[in-house]
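Below, each chain spelled out in residue letters.
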Amino acid sequence: MLRMLPPEEAGSWRCWGGHGASAAPEPPSCPVRPQSNCIKTSKYNIVTFLPVNLFEQFQEVANTYFLFLLILQLIPQISSLSWFTTIVPLVLVLTITAVKDATDDYFRHKSDNQVNNRQSQVLIGGVLRQEQWMNVRVGDIIKLENNQFVAADLLLLCSSEPHGLCYIETAELDGETNMKVRQAIPVTSELGDTSKLARFDGEVICEPPNNKLDKFGGTLYWKENKYPLSNQNMLLRGCVLRNTEWCFGLVIFAGPDTKLMQNSGRTKFKRTSIDRLMNTLVLWIFGFLVCMGVILAIGNAIWEHEVGVCFQIYLPWDEGVHSAFFSGFLSFWSYIIILNTVVPISLYVSVEVIRLGHSYFINWDKKMYCAKRRTPAEARTTTLNEELGQVEYIFSDKTGTLTQNIMVFSKCSVNGHSYGDVQDVLGHKAELGERPEPVDFSFNPLADPRFQFWDPSLLEAVKLGDPLVHEFFRLLSLCHTVMSEEKSEGELYYKAQSPDEGALVTAARNFGFVFRSRTPKTITVHELGQAITYQLLAILDFNNIRKRMSVIVRSPEGKIRLYCKGADTILLERLHPVNQDLTNVTTDHLNEYAGEGLRTLVLAYKDLEEGYYQDWSERLHRAGSAPEAREDRLARLYDEVEHDMMLLGATAIEDKLQQGVPETIAILTLANIKIWVLTGDKQETAVNIGYSCKMLTDDMTEVFVVTGHTVLEVREELRKAREKMMDASRSMGNGFSYQEKLSSSKLTSVLEAIAGEYALVINGHSLAHALEADMEVEFLETACACKAVICCRVTPLQKAQVVELVKKYKKAVTLAIGDGANDVSMIKTAHIGVGISGQEGIQAVLASDYSFSQFKFLQRLLLVHGRWSYLRMCKFLCYFFYKNFAFTMVHFWFGFFCGFSAQTVYDQYFITLYNIVYTSLPVLAMGVFDQDVPEQRSMEYPKLYEPGQLNLLFNKREFFICIAQGIYTSVLMFFIPYGVFADATRDDGAQLADYQSFAVTVATSLVIVVSVQIGLDTGFWTAINHFFIWGSLAAYFAILFTMHSDGLFQMFPNQFRFVGNAQNTLAQPTVWLTIALTTVVCIMPVVAFRFLKLDLKPELSDTVRYTQLVRKKQKTQHRCMRRVGRVGSRRSGYAFSHQEGFGELIMSGKNMRLSSLALSSFAARPSAGWIETLRKKKGSDGSAAGSPSAAPDKALKV
């Protein structure tokens, strides 16, 4: 049985076994039913879907607003429109949204069912039975086999391995692909068969469910004894069993109580800046609507008091209306109903449809498809697409995002000789494309065929018997914690804690020093075909403080030797003074390797005398058994023996950059996007990668490194960095002078205008101080003045804090991209989260808004899809507000000529169909398909991206321009036909002016004018655009003639009373001349303005289109990027991703098994002067605001 106790109240939470795996009888009453392993991420079921979904939808202000209008329309005294003019679009919107929500929830149900229906072997009544995961209960004993997912949080009872060990992979939990070891407690490790397990009747008291992945506390009570439990005894849901034939576990936490589910917190609801702006604008429009209603209501009251009272005999007031004031009050609500189309409900539907279309374009983009992994790009949300066109800051993980997280042995230095470079006949270093065939390792039957090395001189040195080269590879084959697995003769598989170790041992293997097997006390190595077994005396384990690991072995000849590998900054100071000359040469090689972005290690050895070793070993044993300060005592003994070592050489491992990373970063930088790298790796490695991917260059004025350990040190380093930047700008004649008492906003503005290129590198412990409330602004000012920022040794929480800091003060759109579970918090915090489906599981992808497999696809996501989405959404919104103000304001002008009686100009069917049928599809086609320049030009001219960052295409100014154009159009739309109809006659001399003829003329003019306008706004014509625009016009005339037809009148005589009105009206030449005049007068100013703007002040996109037309038949001339050489400064590339404690486990023998298991294409173009002017203006406006957030970083660099 299992009992879980909250620490504050023992015995208050008690759970018993689910399927009776325990032999103990179930108690007569169980306070808490055992927790099911069923998980649920869906929101609805068949019964709750309709009420819950409607409740959620009416929490939207817009839906509630339109429901309120519908209720008003049901009141006869104030409604001049039929109820269906509102209920039809409202029901359509609610239905579309409900279908979308139901579809999303269906896929969640499908995913849940797929997980819940996985099969697991459960011990029931002493027999293993197949059960679905959802039927597993707390207290069950289940069996796992190799490569199976762990079904729930289990207490490991026993396994096929000696001492109850098993190996797991935790990529789904923490993003780490390294193997981890878990061990059963000794008392249960002998329960190897089902009969013994069936009799197991222990009781577990443990902590309540929580989200701490690395901690677990509990106690097992069994056979009148108690045994402490820790995280080392637990297998968590989401892990995968590796290299272990089978294991049994007791279910401790199931379903939503598991640590995996406890960590799957709710994703933050993200909204775009356009959404937020639209909410503000809708409130303004509603205020404008109320003002118009008040004006017309006052007009109605005055008119009824002065004029209407005289006509009470044949125009009496409605029942219940007894005064002009009350009539005006009712008229106010009537006009609110009539004029509500300034914010039509179809706006929200159209926005969602457009976003859905943009998402499908991302999903369907073959140029973002990775054939190697068969992974397409995926838009996991439909609400953020236009925000992709406004990104100013990118926060990127390093390992697995910029790099492949695949380590390759690239170069080495042995006894002062560097190997790995290939030289041509002239003695120059050969380029990558000029390399000959790789070294042939066919002499070695145990070589790994995937390993490649390009310098044959190293293999020649091995074959010639160079003793130091042999000792070099002997060290690599012995000094490690790798486990070897041989599934068949000569077929070796290495299981390494870190990819670094795997690469080094594989290199030794190919050069003839093959690590073959190990026991707790021996290591067997095949040296050039000869099997040699070394006695393993001690492993001096790695940790992040020591930054090195050592082994002490006894050779077959009886010689005792210590082999050590570690960071150059640590090992070089522990060498014997006799190594000074060799150290200088090796240091030069290390600088060269680090300059190329390689991860470096230094190798050394030391011979130990028998007597000294025996004495040291005895002291080591006592320290290891000490009850207190065990780690400190061991560290002192390790430090004692690792002195006066002899230098062997150094290794250089390449963590390969992903393809296209430098080019992508260069292009994004030209688009004025700042890239910050937030990594858990050490400083040297991160800086090296920064140089490799061209974030950092030798052309930079200075790279500031902040490594302070105290608040004062960090503050001083940041202050000095700002002073240097200001001094450099002043010396270059920019006229800036540094003043300590500058306001924060002014300082930010000045710093962002400095000359020169700077970079900032800051360590995790320094960042912790920099993110404190009293220093975060100083840190942000300094960082934002730099072209590149690299934060090293940062925790997942710090990653999120950095993103939140920029969001808080810069008011800029941020994007976070990562591939591991440690990036999830950063991805969820940023405005846009992008997950790389790489080597580190799928937790980042599951938390992301967009996902793909390679970093290089980011430039296409932003510069093509993002820019187009922003452009399309802005053009859509501008046109939508224009056409609806042009449509609605005609009622306002008509109110002054109809006694403010809330009479509509158009018939109610036109009002209903205007936004649903007549004008919906053309604007949708523009919003989905429009583009200003082709995708190739978007990539070639990154400066085209800047209008989105400056929010130029749709803002409050553009909104008022659209509103003004709509009001101008409505004035002409009403008064031109009104003036013509005042004196116009038909062909037969009869008076032309009547209400229905006027309505048909105005409506026809409106549909034609807005159709011509969208034709002018469309920049990229497709067959769909043509079909929708001209088809909508045709649909209008077809519906118009149908509604005025004799047949419809005979079927619905009370609804369609005006038979033949449309035919008679549109048969008059005067009407068509009026329509033509209205169209020309409305459209010509727009055409003239756009021609003048194109000629006098063209935008960059206009220039690009013109260039494209001029050079249409010419081949684009590509310019190759200039290769920049760099003399590497001293930067250690050491980054040994290793776990402490593995060496002790090997020496104990507990992990030994008894038997093995079977940028060349882009050109930067200067931005047009208008962007520079606006950017400077925006910067100055931000300075005046008096806040750091008001001056976002927008220094334009061409």
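Reading the values: the criteria
- Residues numbered from 1 in each chain as written.
- Predicted model: local features only at pLDDT ≥ 70, side-chain atom pairs only at ≥ 80, totals over all residues.
- Heavy atoms only, no water.
- Helix = DSSP H or I, 4+ residues; strand = E, 2+ residues; numbered from the N terminus.
- Buried < 20%, exposed > 50% of the residue type's maximum accessible area, 1.4 Å probe, protein only.
- Areas by Shrake-Rupley, 256 points an atom, 1.4 Å probe, with all protein chains shown as cover.
- Contact = heavy atoms within 4.5 Å.
- Pairing = 2+ DSSP bridges.
- Axes fitted to C-alpha atoms, helices over the stretch in contact; angles between N-to-C directions.
- Core = buried A, V, L, I, M, F, W, Y, C linked by side-chain atoms within 4.5 Å.
- pLDDT = per-residue confidence, 0-100.
- Phe/Tyr/Trp six-rings, centres within 6.5 Å; stacked < 30°, edge-to-face > 60°.
- Lys NZ or Arg CZ within 6 Å of the ring centre and 35° of its normal.
- Salt bridge = Lys/Arg side-chain N within 4 Å of Asp/Glu carboxyl O.
- Patch = residues over 30% accessible without salt bridge, like charges linked within 9 Å, V, L, I, M, F, W, Y side chains within 5 Å.
- Parallel < 35°, antiparallel > 145°, perpendicular 65-115°, else oblique.
- Left-handed = near helix turned anticlockwise from the far one by under 90°.
- Nonpolar A, V, L, I, M, F, W, Y, C, P; charged D, E, K, R; others polar.

1. Comments concerning the overall build of the protein chain
So, point 1. Helix and strand counts for the protein chain come out as 40 helices and 33 strands.
So, point 2. Within the protein chain, the fraction of its 1198 residues that count as buried is 56%.
So, point 3. Accessible area for the protein chain stands at about 51700 Å²; split by element, carbon and sulfur atoms hold 57% of it.

2. Quick notes on the environment of Lys 807
So, point 1. Tracing the backbone through its elements, the reader meets Lys 807 in helix 24 (residues 796–810).
So, point 2. A C-alpha to C-alpha distance of 7.8 Å links Lys 807 and Ala 830, two positions 23 residues apart in sequence.
So, point 3. Sequence-distant contacts of Lys 807, that is, excluding residues within four places in its chain, are made with Thr 814, Thr 829, Ala 830 and His 831.

3. Observations regarding the sheet that holds strand 23 (residues 548–554)
Across a sheet, paired strands are connected by hydrogen bonds in the backbone, their directions being either parallel or antiparallel.
So, point 1. Taken together, the nine strands give an open sheet; going across it, the order is 17-16-26-25-24-23-22-21-20, and neighbouring strands pair in antiparallel fashion. Only two strands of the sheet have a single neighbouring strand rather than two, namely strand 17 (417–419) and strand 20 (513–518). Direction aside, the axes of adjacent strands within the sheet are offset by 30° on average.
So, point 2. The sheet contact formed by strand 20 and strand 21 (residues 522–527) spans five bridges and is antiparallel.

4. So, the environment of Ala 1076
So, point 1. On the secondary structure map, Ala 1076 appears in helix 37 (residues 1069–1096).
So, point 2. Remark: the alpha-carbon pair of Ala 1076 and Val 1009, spanning 67 residues in sequence, is separated by 9.3 Å.

5. Observations concerning the nonpolar core
The nonpolar side chains of a soluble globular protein tend to be buried, and buried together.
So, point 1. Grouped together as the largest cluster of nonpolar side chains are 98 residues, with contacts concentrated most on Phe 876, Leu 877, Tyr 906, Phe 910, Phe 954 and Leu 1006.
So, point 2. Per-element accounting of this core gives the leading share, 18 residues, to helix 27 (residues 857–895).
So, point 3. Once you skip the residues sitting within four places of it in the chain, Phe 876 turns out to touch Leu 347, Ser 350, Val 351, Ile 354, Val 923, Met 926 and Gly 927.
So, point 4. Counting 51 residues, the second largest nonpolar core, distinct from the first, contains Val 462, Leu 475, Ala 507 and Phe 542.

6. Here's the deal with the confidence of the model for the protein chain
So, point 1. Across the protein chain, the average pLDDT comes to 81, with 83% of residues at 70 or higher.
So, point 2. Per-residue pLDDT stays below 50 along residues 1116–1135; that stretch engages in 64 contacts with residues further than four places along the chain or on separate chains.
So, point 3. This stretch, residues 1180–1198, has a pLDDT under 50; its non-local contacts, to residues over four places away or in other chains, come to 56 contacts.

7. Structural notes on the packing of aromatic side chains
So, point 1. Taken as a whole, this structure holds 59 aromatic pairs when the rule is applied.
So, point 2. Centroid distance Phe 326 to Phe 329: 6.0 Å. Interplanar angle 25°. Geometry classified as stacked. Residue Phe 326 and its partner Phe 329 are located together in helix 9 (residues 324–338), separated by three residues, close to a single helical turn.
So, point 3. Given a relative accessible area of 32%, Phe 326 falls into the partly exposed group.
So, point 4. Here the aromatic rings of Phe 332 and Trp 333 are separated by 5.1 Å at their centres, their planes lie at 75°, and the arrangement is edge-to-face.
So, point 5. The class for Phe 332 is buried, based on a relative accessible area of 16%.
So, point 6. Counting every residue linked through ring pairs, the aromatic cluster contains Phe 892, Trp 893, Phe 894, Phe 896, Phe 897, Phe 900, Phe 974, Phe 975, Tyr 978, Phe 981 and Phe 998.
So, point 7. Taking NZ or CZ as reference, Lys 223 lies 4.4 Å from the ring centre of Trp 222, over its face.
So, point 8. Over the aromatic face of Phe 443 sits the side chain of Lys 463, whose NZ or CZ is 4.9 Å from the ring centroid.

8. Quick look at the sheet that holds strand 28 (residues 702–706)
So, point 1. Ordered in space as 14-33-32-31-15-27-30-29-28, the nine strands form an open sheet in which the pairing is mixed. The sheet is open, and its two edges are formed by strand 14 (378–379) and strand 28, each paired on a single side.
So, point 2. Here five bridges tie strand 28 to strand 29 (residues 758–762), and the two strands are oriented parallel to one another. Counted as the bridge partner of Val 705 is Val 761 from strand 29.

9. Considerations on the environment of Ser 120
So, point 1. As for its placement among the helices and strands, Ser 120 is situated in strand 2 (residues 119–124).
So, point 2. Under the relative-accessibility criterion, Ser 120 is labelled buried at 4%.
So, point 3. Sequence separation of Ser 120 and Ala 151 is 31 residues, and the distance between their C-alpha atoms is 7.4 Å.

10. Describing unusual backbone geometry
So, point 1. Positioned with a positive phi, Glu 224 is a non-glycine residue whose angle comes to about 65°.
So, point 2. Position of Glu 224 relative to the elements: it lies in the loop between strand 9 (218–222) and strand 10 (225–229).
So, point 3. A positive phi is found at Lys 694, a non-glycine position, where the angle reads about 70°.
So, point 4. With respect to the secondary-structure elements, Lys 694 resides in the loop between helix 19 (683–692) and strand 28.

11. What about the pattern of salt bridges?
So, point 1. Scanning the entire structure with this criterion turns up 42 salt bridges.
So, point 2. Among the salt bridges present, the one from Lys 875 reaches Asp 930, with a minimum N-O distance of 2.6 Å. Placement of Lys 875 in helix 27 and of Asp 930 in the loop between helix 29 (920–929) and helix 30 (935–940) is noted, with a sequence separation of 55 residues between them.
So, point 3. Residue classification places Lys 875 among the partly exposed residues on the basis of a relative accessible area of 22%.
So, point 4. According to the relative accessible area criterion, Asp 930 is buried, its value standing at 1%.
So, point 5. A salt bridge links Glu 958 to Arg 957; its shortest N-O distance comes to 3.3 Å.
So, point 6. For Arg 957, a relative accessible area of 58% gives the class exposed.
So, point 7. Within this structure, Glu 471, Arg 474, Glu 527, Arg 561 and Asp 607 form a network of salt bridges that share partners.

12. Considerations on a nonpolar patch on the surface
So, point 1. A contiguous nonpolar surface patch, about 460 Å² in accessible area, is contributed by Ile 295, Phe 896, Phe 897, Phe 975 and Tyr 978.
So, point 2. When you line up the elements, Ile 295 lands in helix 8 (residues 273–306).
So, point 3. Of the residues examined, Ile 295 reaches a relative accessible area of 44% and is grouped as partly exposed.

13. A short note on helix 19
So, point 1. Most of helix 19 sits out of view: ten of its ten residues are buried.
So, point 2. Within the sequence span of helix 19, burial applies to Gln 683, Glu 684, Thr 685, Ala 686, Val 687, Asn 688, Ile 689, Gly 690, Tyr 691 and Ser 692.
So, point 3. Remark: Lys 694 follows helix 19 within two positions and exhibits a positive phi of approximately 70°.

14. Concerning the packing of helix 33 (residues 995–1017) against helix 37
So, point 1. Running from N to C, helix 33 and helix 37 cross one another at 30°; their axes reach a closest spacing of 9 Å. It follows from the interaxial angle that helix 33 and helix 37 lie roughly parallel. Note that helix 33 runs across helix 37; the crossing there is right-handed. Contacts between helix 33 and helix 37 involve Thr 1001, Thr 1004, Ser 1005, Ile 1008, Val 1009, Val 1012, Gln 1013, Leu 1016 and Asp 1017 from the first element and Val 1071, Trp 1072, Thr 1074, Ile 1075, Thr 1078, Thr 1079, Cys 1082, Ile 1083, Val 1086, Val 1087 and Arg 1090 from the second.
So, point 2. When the residues that make up the contact of helix 33 with helix 37 are grouped by side-chain class, the tally is eleven nonpolar, seven polar and two charged.

15. Notes on the packing of helix 18 (residues 661–670) against helix 27
So, point 1. As a packed pair, helix 18 and helix 27 sit with axes 9 Å apart at the nearest point and diverge in direction by 25°. With respect to helix 27, the element helix 18 is oriented roughly parallel. You can see that helix 18 and helix 27 cross each other, and the crossing is left-handed. Of the residues in helix 27, those in contact with Glu 663, Thr 664, Ile 667 and Leu 668 of helix 18 are Leu 858, Gln 859, Leu 862 and Leu 863.
So, point 2. Grouping the amino acids of the contact of helix 18 with helix 27 by side-chain chemistry returns five nonpolar, two polar and one charged.

16. Digging into the pairing of strand 25 (residues 599–608)
So, point 1. Taken across its ten residues, strand 25 has nine buried, putting it largely inside the fold.
So, point 2. Pairing of strand 25 with strand 26 (residues 646–657) involves seven bridges; the strand directions are antiparallel. The partner of Val 602 across the bridge, within strand 26, is Ala 650.

17. What about helix 29?
So, point 1. Among the ten residues in helix 29, eight count as buried, and that is most of the element.
So, point 2. Every buried residue of helix 29 is listed here: Ser 920, Pro 922, Val 923, Leu 924, Ala 925, Met 926, Gly 927 and Val 928.

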